Amino acid sequence: MPITTTRRRLLAGSAATLALPVFARAQSAVKPRLTAISQWSAGSDGAAITALGKKFEEKGGVWQHSPVPGFTTEMMNKLRAQIIAGDPPACSQLKGPEIAAWSKIAPTVDLDSIVAAAGYEKVVAPDLAKLHKPGGKWIALPLQIYSTNMLFLSKRGMDKAKADKIPVTWTDFNALADKMKSAGMAYPLANGGTRPDDGQKFEASLAGISPTAYRAAMMNLDKKALEGPEIKAAFAQTRKIADWCDPNVGAQPYATNLKRFVDGDMGMMIMGGWAQGVLKNAGFKFDDYTIAPGPSDNGKPVFLLNADAFIFWQRKEPDLQAGQALMAQLVMDPAIQTMYSQITGSIPVRTDVDLSGEGWSDGQRRTAAALKDAIASNQAVLSLAHNMAQENGLTAAIIDVITEYVKNKTITPDQAVTRLAEAVESAR
Amino acid sequence: MRERGFTPSRILIYLVVSLFAAAYLAPLVVVVLNSLRTNEEIAQGSMIGWPQHLAWSNYAKAWSGFCVAETCAGIRPYMLNSALITIPATVISTLLGAVAGYAVSLWRFRGDNWIYGIVTLGLFLPQQMRLLPWTIVLRDIGLINTLTGLVLIHTIQGLSFTVLFCRNYYVAIPHELIRAARIDGAGFFRIFWCIILPLSAPILIVTVIWQFTHIWNEFLYGVTFTTGQQQPVTAALIALSAAIADIPQHGVQSAAVIIAALPTLLIYLFGGRYFVRGLTAGAVK
Amino acid sequence: MTGAAATVARPAISGLVRRLPEILMIWVPLLLSAAHLISFSIWTIWISFTPSTLVPVTGWVGLRNYTSVLSSRNWQIAFDNLLLFGSAFVLLSLITGLMLAILLDQRIRGENVLRSIFLYPLAVSFVVTGTVWSWLLNPGIGIEKLVHDLGWSSFHFDWLVNRDMAIWTIVIAAVWQSSGFAMALFLAGLRSVDGDIIKAAQIDGAGPVRTYWRVILPTLWPITVTVVVIQLQFAISAFDLVRALTNGGPGIATQLPALVVYDLMFQRGQLGRGAAAAVLMLLILLAVLLPYAAWRYVQRQRVTHA
């Protein structure tokens, strides 16, 4: 019966991660090859991974990337099918707590020695590192970091509203939005209506109001925090944000509003750093907008972390093992991280990369600085909307509540708080 | 005969039909028009509009230009893949369905109604439920990530339709015909070849049209059970539209949609009359 | 004794061998089809009782997956939507299909062209249908914007982003896509009505409307049932179309069971719950199919006993 094979594999997975020999010996004789699965088939993400592939080939490897069209679900489907078939890719895109969950169903590669040799752990934020070493050993490597709550301000929009101060707290933000509205902007906010977007509205609100409450409620699922006043306040702020968005956007992504944003018909956007890559890819210039850290009521930047990563699945073939070693080296290399981040608009994972050179935008510099500050003041938290804080099942249950709340103006913040607590309980 | 002049009732009929025709044509017209407008034009205006100049470049880009990660070969290779999946699966499932339909309706054997019932119940089994079991089956027979595996899936799943259609068609054939032939000594295949097949043209066309369309337009299995360059054309379409890390490229997307839909559209264009004819004989009991 | 039995046995066996190709050709495909249907259904039912998350595992959790699904807002909204969408879609596509068939039956000019126009939506993939209609129905870029640009600025057609009306956009797109099939079936039925009956009615002085109403339409009853069943199947398993058109939104207002199954199984990595939702879907289907099967059975009894 097929299922017992899976069970055997489950046991094999946990045992093998401890027992896997390091692949140092494989490197010399064999041409490295890498089979990879990701969802990055187009746009700036597609361009970035293609560039990474080219670098892989420059180093003498055979690059076999299989992009899965669609969204993350389709990619996970493909990954799951490959794993069940006993033929996992040598590496695949995966992130957040899913790394820990998936590592239990198939054996992964122990990267500790490679990571130690590169001295990588010293330059990665500790919260982030933890996600990639679920069993205590490195099995995945983060590729790039985004903040999901950057504040984008349209230059023309700000001119229209005759504003020049960058808002720091939510009060400032609300005031600016009102100002833009009275200056004739029908919808000051260019956000979209997808599920992650709605999630971002909420998490930016909550994290900005109180990062401690965010950590307790969203990351640790503390019952008391989930029913606390900060959650209610966050929902109230989310309602304000939603009211400033164009209702006609429906379930479309923010990208459909970008033209209006740049032209000044919409003045602000709360979005992740990847929007820089999108804007660049669409031909807009860095001068058209400013970036600042998202609003934070205590004045110090709050950083909502989102990081893509590659997980390495155990393979017996020596050329794939060599490929994995090569890929791991590349991913940790500061030059590669620079190249990757410059294409997508993210910031490198390594905290020791110098962003003052050419090719980096002011936005990226500000983001990197915000990350440093946030780590220092313990205000760097994991993004809920982008599946960093919780596994997919729980995240989806929470976002169900949030997106329904955003789209249905008759739900009060109190009701939303109750629903949120219920959703977390039933999905646990 | 009924008078054919311009009576008020006939004018009314033509009017109503024209209105419906316009409504049905509208989406196609919109897509065709959009395929000839540039991405910027559409972004500045609305989705419904007249092209300023004919942007044939959209078609060029859709056919051989747009990129899916590393490969910038447009939709052309995916069309070939779809053909390699759809044509064999359609032909085989139609053939097998005809034989089985004939067996169940005319030849008869023990348990035929039961197995017919189970097979046609398969029409109602949702496709999401079958994804993981097929993964396990394909793995056990070693056909994951092969076009053959996909052909197998579509053939077996297609049997539910083809047996249903063919059987409902063949029940109209008089049993005496078969009985007489059997008395004359003709066997199963001989009767099929000499009597049944010549009569089957309408329903075979219906079946082929239906199967071809369903398999050509299928997305879920196509993406999960193939890899990289083997993917069918539906995957390429999704790649073009699901890129949220990108400003929408509606012009190229529309051109790609038209190209991808051409085979099935042409089939319905030329096979439409047989479609009705095939459903007439035996008028689906 | 044994001699006679032996001679009887031998022809039977060689007869079997002779008929082997025919047996194989009939039974192998049918058995494969039936086997895969039965085994997949059983597999899904089994998984629904296990604590499976990312991949199938063994274990027993009783009805926990079922209670979890049944108590979730997602499922409740999906179920309500299915009732609404299912009945509206089936009814509308029936009426539309019948109307178009009657219109085409009038021997009007250009019948071939018109038939192609009403049939071609079947050729389009569900994903494309959903995508194109999502463009058309979007108030900011589609029909509403067009009408605004043409001057009528108070025109509203924002059903797509309206929580209460969004489900009707799915109805519209689905009827567009598949009423052609209903039309084809009805046209086939209309064309196969016995000419003598019509002539008899005309001789009796019945006008065209009365002829249709009293004579022709009643003969279409079996076809109507078939159309209803096939359209219901489409409604219950509608997945690609909804995903491309609204993706369950705005919010979760247009959730449907097929989406919930996929979402639970693959997006949320909760296979057990997804399987439970799938079994619930099957139960809904059975609730539709059993009366149909019973009706057919009664019909057949009536025919054989007439």
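Predicted model, so just to flag it, every value in this text is computed and none were measured. (Residues numbered from 1 in each chain as written. Chains lettered and ligands numbered in written order. Predicted model: local features only at pLDDT ≥ 70, side-chain atom pairs only at ≥ 80, totals over all residues. Heavy atoms only, no water.)

## Some details on the environment of Gln342(A)
Residues and elements named next belong to chain A.
Move 1: Take Gln342: it is sitting in helix H16 (residues 334-344).
Move 2: According to the relative accessible area criterion, Gln342 is partly exposed, its value standing at 21%.
Move 3: Note: C-alpha distance between Gln342 and Gly277 (65 residues apart in sequence) is 8.1 Å. (Helix = DSSP H or I, 4+ residues; strand = E, 2+ residues; numbered from the N terminus. Buried < 20%, exposed > 50% of the residue type's maximum accessible area, 1.4 Å probe, protein only.)

## Quick look at the packing of helix H1 (residues 8-35) of chain B against helix H5 (residues 111-119) of chain C
Move 1: Interaxial distance between H1(B) and H5(C) falls to 9 Å at its minimum, and their mutual angle equals 40 degrees. Between H1(B) and H5(C), the angle falls in the class oblique. Relative to H5(C), the crossing made by H1(B) is left-handed. Contacts between H1(B) and H5(C) involve Val17(B), Phe20(B), Ala21(B), Tyr24(B) and Leu25(B) from the former and Leu114(C), Ile117(C) and Phe118(C) from the latter.
Move 2: Across the contact of H1(B) with H5(C), the residue classes tally to 8 nonpolar, no polar and no charged. (Axes fitted to C-alpha atoms, helices over the stretch in contact; angles between N-to-C directions. Parallel < 35°, antiparallel > 145°, perpendicular 65-115°, else oblique. Left-handed = near helix turned anticlockwise from the far one by under 90°. Contact = heavy atoms within 4.5 Å. Nonpolar A, V, L, I, M, F, W, Y, C, P; charged D, E, K, R; others polar.)

## Looking at the domain arrangement of chain A
All names here are of chain A.
Move 1: Domain boundaries assigned for chain A yield domain 1 (4-145 + 307-360) and domain 2 (150-304 + 364-427).
Move 2: Placing a centre on the C-alpha atoms of domain 1 and another on those of domain 2 gives a separation of 29 Å.
Move 3: Across the boundary between the two partners, domain 1 contributes 27 residues, which contact 25 residues of domain 2.
Move 4: For the pair domain 1 and domain 2, the summed buried area comes to about 1900 Å², and 57% of that belongs to carbon and sulfur atoms.
Move 5: The tally of links between domain 1 and domain 2 comes to 1 salt bridge.
Move 6: Put simply, Arg215 and Asp127 hold a salt bridge, and the shortest N to O gap is 3.7 Å.
Move 7: Our enumeration of links across domain 1 and domain 2 arrives at 8 residue pairs in polar contact (both at pLDDT 80 or more).
Move 8: Taken together, the elements giving at least two residues each to the side of domain 1 that touches domain 2 come down to helix H2 (43-58), helix H4 (97-103), helix H6 (126-131) and H16.
Move 9: The dominant element in the side of domain 1 that touches domain 2, judged by the number of residues it contributes, is H16, at 4 residues.
Move 10: Class assignment for the residues of the side of domain 1 that touches domain 2 results in 12 nonpolar, 12 polar and 3 charged. (Domains from an automatic or database assignment. Buried area = accessible area lost by both parts, 1.4 Å probe. Salt bridge = Lys/Arg side-chain N within 4 Å of Asp/Glu carboxyl O. Polar contact = N/O pair within 3.5 Å; in protein donor to acceptor, adjacent residues only side chain to side chain.)

## Some remarks on the interface of chain C and chain B
Move 1: Counting from both sides, the interface comprises 79 residues of chain C and, opposite them, 83 residues of chain B.
Move 2: Counting the surface lost from both chain C and chain B, the interface buries some 7500 Å², and carbon and sulfur atoms represent 77% of this.
Move 3: Our count for the chain C to chain B interface comes out at 0 salt bridges.
Move 4: At the junction of chain C and chain B, the tally comes to 10 residue pairs in polar contact (both at pLDDT 80 or more).
Move 5: Per-element tally for the side of chain C that touches chain B: the top contributor is helix H2 (residues 20-47) of chain C, with 18 residues.
Move 6: When its residues are assigned to classes, the side of chain C that touches chain B shows 56 nonpolar, 15 polar and 8 charged.

## Some thoughts on empty space enclosed by the protein
Move 1: Under the definition given, this model contains 8 cavities of 30 Å³ or more.
Move 2: By volume, the second largest cavity is sized at about 860 Å³.
Move 3: Considering the residues around the second largest cavity, the lining is formed by 37 residues, among which Phe161(B), His214(B), Phe126(C), Gln233(C) and Ser237(C) are closest to the centre.
Move 4: Among the secondary structure elements, those contributing two or more residues to the lining of the second largest cavity are helix H6 (127-140), helix H7 (147-170) and helix H10 (201-216) of chain B together with helix H8 (166-191), helix H11 (221-237) and helix H12 (240-245) of chain C. (1 Å grid on protein atoms, 1.4 Å probe; cavity = no way out; pocket = protein on both sides within 12 Å on 5 of 7 lines; lining within 4 Å. Points joined across faces, edges and corners; volume = space filled by probe spheres on them.)

## A word on the confidence of the model for chain B
Move 1: Mean pLDDT over chain B stands at 84; residues scoring 70 or higher make up 93%.
Move 2: Scoring of the predicted complex yields 0.85 for pTM and 0.84 for ipTM. (pLDDT = per-residue confidence, 0-100.)

## Things to note about the pattern of salt bridges
Residues and elements named next belong to chain A.
Move 1: Counted under the stated rule, the structure contains 30 salt bridges over all chains.
Move 2: Salt-bridge contacts for Glu317 lead to Arg315; the nearest nitrogen and oxygen are separated by 2.8 Å.
Move 3: For Glu317, a relative accessible area of 28% puts it in the partly exposed group.
Move 4: Two residues, Arg350 and Asp352, come together in a salt bridge whose shortest N-O distance is 3.0 Å.
Move 5: Judged by its relative accessible area of 45%, Asp352 falls in the partly exposed class.

## Here's the deal with the nonpolar core
Move 1: Counting residues in hydrophobic clusters, the biggest one holds 218 residues, and the most contacted among them are Ile75(B), Tyr170(B), Phe275(B) and Phe85(C).
Move 2: The element that contributes the greatest number of residues to this core is H8(C), accounting for 16 residues.
Move 3: Within the second largest apolar cluster, 87 residues are counted, among which are Ala125(A), Leu141(A), Met339(A) and Tyr340(A). (Core = buried A, V, L, I, M, F, W, Y, C linked by side-chain atoms within 4.5 Å.)

## Things to note about the pairing of strand S5 (residues 150-154) of chain A
Residue and element names in this part refer to chain A.
Move 1: Summarising burial for S5: 5 of the 5 residues are buried, a large majority.
Move 2: As defined by bridge partners, S5 adjoins strand S7 (residues 289-293) across 5 bridges and the pair is classed as antiparallel. Bridged to Ser154 within S7 is Tyr289. (Pairing = 2+ DSSP bridges.)

## Let's talk about the interface of chain A and chain C
Move 1: Between chain A and chain C, the contact holds 33 residues from the first and 30 residues from the second.
Move 2: Summed over both partners, the interface of chain A with chain C comes to about 2700 Å²; 55% of that surface belongs to carbon and sulfur atoms.
Move 3: Our count for the chain A to chain C interface comes out at 3 salt bridges.
Move 4: A salt bridge links Arg73(C) to Glu404(A), with the nearest nitrogen and oxygen atoms 2.6 Å apart.
Move 5: The interface formed by chain A and chain C holds 12 residue pairs in polar contact (both at pLDDT 80 or more) in total.
Move 6: Taken together, the elements giving at least two residues each to the side of chain A that touches chain C come down to helix H1 (2-19), helix H3 (72-84), H4, helix H18 (392-407) and helix H19 (413-427) of chain A.
Move 7: Per-element accounting of the side of chain A that touches chain C gives the leading share, 8 residues, to H18(A).
Move 8: Split by residue class, the side of chain A that touches chain C holds 13 nonpolar, 11 polar and 9 charged.

## Side note on the domain arrangement of chain B
Residue and element names in this part refer to chain B.
Move 1: What the domain assignment reports for chain B is domain 1 (8-61) and domain 2 (76-283).
Move 2: Listed by partner, the interface residues are 12 residues for domain 1 and 10 residues for domain 2.
Move 3: Here domain 1 meets domain 2 over a buried area of about 920 Å², counting both sides, of which 72% is carbon and sulfur.
Move 4: Together, Val31, Asn39 and Tyr59 form the three largest contributors to the area buried by domain 1 at its contact with domain 2, with a combined 45%.

## What about H6(B)?
Side chains three or four residues apart in an α-helix point the same way, a direct result of the helix having 3.6 residues per turn.
Residues and elements named next belong to chain B.
Move 1: Counted at 1.5 Å a residue, the expected span for H6 with its 14 residues is 20 Å, and the 20 Å between its end C-alpha atoms agrees.
Move 2: Along its length, H6 shows its largest kink, about 30 degrees, at Pro133.
Move 3: Within H6, 11 of the 14 residues are buried, leaving the element largely enclosed by the surrounding structure.
Move 4: Those residues of H6 not exposed but buried are Gln128, Met129, Arg130, Leu131, Leu132, Pro133, Trp134, Thr135, Ile136, Leu138 and Arg139. (Expected span 1.5 Å × (residues − 1). Bend = angle between axes of the 7 residues up to and from the residue.)

## Examining the side chain of Ser134(C)
All names here are of chain C.
Move 1: Relative to the elements of secondary structure, Ser134 occurs in helix H6 (residues 126-137).
Move 2: Residue Ser134 is classed as buried on the basis of its relative accessible area of 15%.
Move 3: A polar side-chain atom of Ser134 sits 2.6 Å from the main-chain carbonyl oxygen of Thr131.
Move 4: Leave out the neighbours within four places in its chain, and Ser134 touches Leu160, Ala244 and Leu245.

## Some points on the packing of helix H4 (residues 73-104) of chain C against helix H13 (residues 257-267) of chain C
Residues and elements named next belong to chain C.
Move 1: The geometry of H4 relative to H13 is characterised by a closest axis approach of 8 Å and an angle of 150 degrees between their N-to-C directions. Taken together, the axes of H4 and H13 are roughly antiparallel relative to one another. Residues Asn74, Trp75, Ala78 and Leu82 of H4 form the contact with H13, whose own contacting residues are Pro257, Val260 and Asp263.
Move 2: Across the contact of H4 with H13, the residue classes tally to 5 nonpolar, 1 polar and 1 charged.

## Concerning the sheet that holds S7(A)
Residues and elements named next belong to chain A.
Move 1: As summarised here, the arrangement of the 3 strands in space is S6-S5-S7, forming an open sheet in which the pairing is antiparallel. Two strands close off the open sheet at either side, each with one partner strand: strand S6 (268-271) and S7. Neighbouring strand axes in the sheet, compared pairwise and without regard to direction, differ in orientation by 25 degrees on average.
Move 2: Across 4 bridges, the pairing between S5 and S6 is antiparallel. Bridge pairing in S6 places Met150 opposite Met271.
Move 3: Most of the contacts of helix H8 (residues 170-182) go to S6, to which it runs at about 140 degrees, and overall it touches S5 and S6.

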